[in-house]
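Spelled out, the chains give:
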Amino acid sequence: MPEAVKTKQTAALLQSVYKNVKMASDSILTLMPKVQDARLKSELTVKLSAYEAFASRAAKLLADEGVKPVEEGTITKLAAKWGSMMNTMRDSTSSHLAEMMVEGATMGVNDMLKQIREAENTTVSESALRLARDVCSFEEKTVEDMKDYLR
């Protein structure tokens, strides 16, 4: 398979990873002012740092492919922020915030698994696949960690 096709397929996976982790970071930043529980706030701060590290890894791998990372559009970001704000207006308890994190991470896991399965049958670079698998594992762990806050 030509190198250009490999680069395009690798870049597509990395863009998906980048968008996924940036949306997760944005979600945490939106929720953070609502968090009252110190333990949950600390855990979300650690998760935010990890998501940003994943975004940095994805951006570096994209740069290696000669591609600039692209974030979700403004309308998508605003819709997500608006949805979070509306969802926490009535209930900003730790259990509800954790539930929102579980839902977001579950969507991330599902998307990453789909992307990984599609990429495994192509010439996507192993480093891109490794990053996608790492993000998927991290989000699966996030789901489990957030379950501690559900009541």
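Being a predicted model, the structure only gives us computed values, none of them experimental.

Rules and cut-offs
Residues numbered from 1 in each chain as written. Predicted model: local features only at pLDDT ≥ 70, side-chain atom pairs only at ≥ 80, totals over all residues. Heavy atoms only, no water. Helix = DSSP H or I, 4+ residues; strand = E, 2+ residues; numbered from the N terminus. Buried < 20%, exposed > 50% of the residue type's maximum accessible area, 1.4 Å probe, protein only. Core = buried A, V, L, I, M, F, W, Y, C linked by side-chain atoms within 4.5 Å. Contact = heavy atoms within 4.5 Å. Polar contact = N/O pair within 3.5 Å; in protein donor to acceptor, adjacent residues only side chain to side chain. Expected span 1.5 Å × (residues − 1). Axes fitted to C-alpha atoms, helices over the stretch in contact; angles between N-to-C directions. Parallel < 35°, antiparallel > 145°, perpendicular 65-115°, else oblique. Left-handed = near helix turned anticlockwise from the far one by under 90°. Nonpolar A, V, L, I, M, F, W, Y, C, P; charged D, E, K, R; others polar.

Some thoughts on the environment of serine 27
Residue placement: serine 27 occurs in helix α1 (residues 3–31). A relative accessible area of 27% means that serine 27 is categorised as partly exposed. Separated by 21 residues in the primary sequence, serine 27 and leucine 48 have C-alpha atoms spaced 9.3 Å apart.

Structural notes on the nonpolar core
Core analysis: the largest hydrophobic core is formed by 42 residues, its most contacted members being Leu13, Val17, Leu44, Leu131 and Met146. Counting residues per element, the ones that place at least two in this core are α1, α2 (38–64), α4 (94–120) and α5 (126–146). The residues touching leucine 44, leaving out its near neighbours within four places in the chain, are Ile28, Met32, Val35, Met101 and Met146.

A few points about the environment of asparagine 110
Along the chain, asparagine 110 falls in helix α4. Asparagine 110 gets classed as partly exposed once you look at its relative accessible area, which sits at 47%. Along the chain, asparagine 110 and glutamate 139 lie 29 residues apart, while their C-alpha atoms are 9.8 Å from each other.

Brief notes about the side chain of lysine 22
Of note, lysine 22 is situated in helix α1. A polar contact of 3.5 Å, which involves the side chain of lysine 22, links it to the side chain of glutamate 52. Setting aside chain neighbours within four positions, we find lysine 22 in contact with Glu52, Ala55 and Glu71.

Side note on α2
Here α2 is 27 residues long and its end C-alpha atoms lie 39 Å apart, about the 39 Å a rise of 1.5 Å per residue gives. Residues of α2 that are buried include every one of Leu40, Glu43, Leu44, Lys47, Leu48, Ala50, Tyr51, Phe54, Ala55, Ala58, Leu61 and Leu62, and no others. Put simply, aspartate 37 is the residue that caps the front of α2, since its side-chain oxygen is 2.9 Å from the backbone nitrogen of arginine 39. Phi for glycine 66, located one or two positions after α2, is positive at around 80 degrees.

A word on the packing of α4 against α5
Across the interface, α4 lies against α5 with an axial gap of 8 Å and an inter-helix angle of 155 degrees. By the angle between their directions, the pair α4 and α5 is classed as roughly antiparallel. Remark: the crossing between α4 and α5 carries left-handed chirality. Contacts from Ala98, Met101, Val102, Ala105, Thr106, Gly108, Val109, Met112, Leu113, Ile116, Ala119 and Glu120 in α4 reach Leu129, Ala132, Arg133, Val135, Cys136, Glu139, Glu140, Thr142, Val143 and Met146 in α5. Class assignment for the residues of the contact of α4 with α5 results in 15 nonpolar, 3 polar and 4 charged.

On their own, these measurements won't tell you what the molecule is for.
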